[in-house]
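Structural overview for review
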Amino acid sequence: MIGSTCVLAILSMLGKRPTLDQVVEWIDLDTICLLFGMMTMVAIFSQTGFFDFAAVKAYKLAKGRAWSLILLLCFLAAVVSAFLDNVTTILLLTPVSIRLSQVLNLDPRPVLIAEVVFSNIGGTATAIGDPPNVIIVANKLISEAGIDFAEFSLHLAIGIIFCMVTGYLMLSVMYTCCFQYVKLKNTDAPHIAELKREIAIWERTAVRLPVVSLEERAVRDALLAKAGDVRQQLQQQVNITMQSATDMWQKNLAELEQKYRITNKLLLGKSLAVLAVVILLFFLANIIPKVELELGWIALLGGLVLMVLADIHELETVLHKIEWGTLLFFAALFILMEGLNELGLLTFIGDQMVYIVKRVPRDQQLLVAMLLVVWVSAIVSSFIDNIPFTTAMIPIIVELANSPAVCLSLRPLVWALAFGACLGGNGTLIGASANVVCAGLAEQNGYPISFVQFFKIGFPIMLVTVLTASIYLLIANVAIGWNAPHCA
């Protein structure tokens, strides 16, 4: 709000003050309607208890094993974030993830960081999973170029599959080999640790004892026999402890299943049905002939239909869960970007990128432009929120693609911007809105996440996934020739 007000003030000082009608036209209502409709459906969907239920099922599948639980929670967050916005996903999954970590005697912070990182990765796969993607697909310049929901999601989903694999590998290396952020194996109970220490002492003494005479050999045999006796005691205690751990896990599982369960199966069925129809219409919106449905109208109608089917008597309960501050933020952001465009800033940045790309050979311009967009987007989005950056970059890449001085196609630049802005949000704590939301919830529960702690985990995964996306873009658009530019 402050930024948009300052831009309007500067335009007024320069004699370019826009009218109120012009300012309202600058707001992309299709994007606002898309966000409002999805928020409405998620607000109703969250009342079913599905997210808590799914997290407990992940705990059951993991059978109390920490690393298995982390992988399942990351997978759950990634899949759900592909179809619902990742901010809402983190809002719903964070509380139950903290509880599951406490049950396993783990520090919840590394678990939550891994979860939000993969939520951002999974949200990149579709046009509705991450706010930057919503901005890109709903933008008029992008839609006028013929890029629709289905094409956008198809190209990104393929690349995100590879990013998920490399991200999992990097996470496993960091958590199990290098940094030991997560206590993946429970430490031994005190009595078992003492027995292991006693065995080590007996065996070490026996090994160090010189064996020259028969008496010394007898002493060594006695020491080894003592170590063997203690080892048998250790095995008995381990078996008892394992049985106790199994009983404790079953008890915890029963308590969690009793507390976190589906609260309204009928509403769950209605919500899933409406979400499925809405997502299907997203894909078919530009395929069905003579039917013009914007993404915003589809989401808005889906929210209204679900409100009717859910038979909600108190509308305030749903409206209270709508993130009105986010909607206002987007409206002000659109005004800010259009104001900067009127001032000529975006044109200047676009001209500089054209200058850089123009200096390389014509057959390598697409390669350089994609790498430039994806890595600049990733690095910048790590340190500033990726939403305003994406909004600013869209007219820049459009101008870059349309420039007669270079030979480029718009589509690869759009994919590069989406990959860079969304995956780059994992670089730091302030890179994406979901990161900030997760840190706030963790601090409320007594587990503050510091900037450095998030950076140590998120930034390496960001580098690996952006590198993976870059390789995918180069193979798909340069080697194979998808969306190759046709220049004279």
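Rules used throughout
Once a new chain begins, its residue numbering starts again from 1 and follows that chain's sequence as written. Two thresholds apply to this predicted model, a pLDDT of at least 70 for residue-level local features and 80 or more for giving and counting side-chain atom pairs, whereas whole-chain, interface and lining totals are computed over all residues. Think of the side-chain values as coming from all heavy atoms in the structure, minus any hydrogens and water. Exposure above 30% relative accessible area and the lack of any salt bridge qualify a residue for a patch; like charges then connect within 9 Å, and the nonpolar side chains Val, Leu, Ile, Met, Phe, Trp and Tyr within 5 Å. Only the protein chains shown count as cover for residues, with accessible areas throughout obtained via the Shrake-Rupley method and a probe of 1.4 Å. Every case where a carboxyl oxygen of Asp or Glu lies within 4 Å of a side-chain nitrogen of Lys or Arg is listed as a salt bridge. We count a stretch as a helix when DSSP gives it H or I for four or more residues in a row; a strand needs E for two or more, and each element gets its number in order from the N terminus. Accessible area is worked out with a 1.4 Å probe on protein chains only. A residue is then buried under 20% of its type maximum, exposed over 50%, and partly exposed in between. Angular values range over 0 to 180 degrees, each being the angle between N-to-C directions of two axes fitted as lines to C-alpha atoms, with helices fitted over their stretch in contact. Throughout this description, any angle smaller than 35 degrees is read as roughly parallel, any larger than 145 degrees as roughly antiparallel, any in the 65 to 115 degree range as roughly perpendicular, and the remainder as oblique. Should the near helix be turned counterclockwise from the far one by less than a right angle, the crossing is left-handed, whereas a clockwise turn marks it as right-handed. Contact criterion: two residues are considered in contact whenever any of their non-hydrogen atoms come within 4.5 Å of each other. In the scheme used here, Gly and all other residues not listed as nonpolar or charged are polar, with Ala, Val, Leu, Ile, Met, Phe, Trp, Tyr, Cys and Pro taken as nonpolar and Asp, Glu, Lys and Arg as charged. Per-residue confidence from the predictor is reported as pLDDT, which spans 0 to 100. Only protein atoms enter the 1 Å grid, on which a cavity is a set of points fitting a 1.4 Å probe that cannot get out and a pocket is an open set with protein on both sides within 12 Å along at least 5 of 7 lines, lining residues being those with an atom within 4 Å of a point. Grid points are joined across faces, edges and corners, and a volume is the space filled by probe spheres set on the points.

Turning our eyes to something else, we now look at a nonpolar patch on the surface. A contiguous nonpolar surface patch, about 730 Å² in accessible area, is contributed by I379, F383, I384, I430, V436, F451, V452, F455 and L463. Among the secondary structure elements, those contributing two or more residues to the nonpolar patch are α18 (365–383) and α22 (451–479). Among the elements that line the nonpolar patch, the one with the most residues is α22, at 4 residues. Since its relative accessible area comes to 44%, F383 is described here as partly exposed.

To continue, consider the packing of helix α6 (residues 86–103) against helix α7 (residues 108–123). Describing two packed helices takes the angle between their axes plus the distance from one axis to the other. Two elements in contact, α6 and α7, have axes separated by 10 Å at closest approach and are oriented at 155°. Taken together, α6 and α7 sit at an angle that is classed as roughly antiparallel. The interaxial crossing formed by α6 with α7 has right-handed handedness. Packed against α6, whose contacting residues are N86, T89, I90, L93, T94, S97, I98 and S101, the element α7 presents P108, V111, L112, E115, V116, S119 and N120 at the interface. Per-class residue counts for the contact of α6 with α7 are 7 nonpolar, 7 polar and 1 charged.

Quick look at the environment of V374 now. Its place among the elements puts V374 in helix α18. Residue classification places V374 among the buried positions, given a relative accessible area of 0%. Once the C-alpha coordinates of V374 and A418 are considered, the two residues, 44 residues apart in sequence, prove to be 7.9 Å apart.

Let's shift gears to the confidence of the model for the chain. Per-residue pLDDT for the chain averages 81, and the proportion of residues at 70 or more is 89%. No element of the chain has a lower mean pLDDT than helix α11 (residues 190–208), which averages 73, and none a higher one than helix α20 (residues 410–424), which averages 93. When the criterion is pLDDT under 50, residues 181–186 qualifies, and its contacts beyond four places in sequence or with other chains add up to 18 contacts.

A few words on the environment of L366. Relative to the elements of secondary structure, L366 occurs in helix α18. Distance from L366 to L410, taken between C-alpha atoms, is 9.8 Å for residues 44 residues apart in sequence.

This brings us to the pattern of salt bridges. By the definition in use, this model includes 4 salt bridges. As a salt-bridge pair, R411 and E151 come within 2.6 Å of each other at their nearest N and O atoms. With R411 in helix α20 and E151 in helix α10 (residues 149–178), the pair connects residues that are 260 residues apart, well separated along the chain. In this structure E151 comes out as buried when scored by relative accessible area, which is 19%. With a shortest N-O distance of 2.4 Å, R231 and E203 are connected by a salt bridge. In this pair, R231 is assigned in helix α12 (residues 214–259) and E203 in helix α11, connecting sequence segments 28 residues apart. Assessed through its relative accessible area of 41%, R231 is described here as partly exposed.

Now for empty space enclosed by the protein. Enumeration over the complete set of coordinates arrives at 1 cavity of 30 Å³ or more. In this structure, the largest cavity occupies an estimated 30 Å³ of space. Considering the residues around the largest cavity, the lining is formed by N86, V87, N120, D130, P131, N386, I387, A432, S433 and A434. For the lining of the largest cavity, the secondary structure elements donating two or more residues are α6, α19 (386–402) and α21 (433–444).

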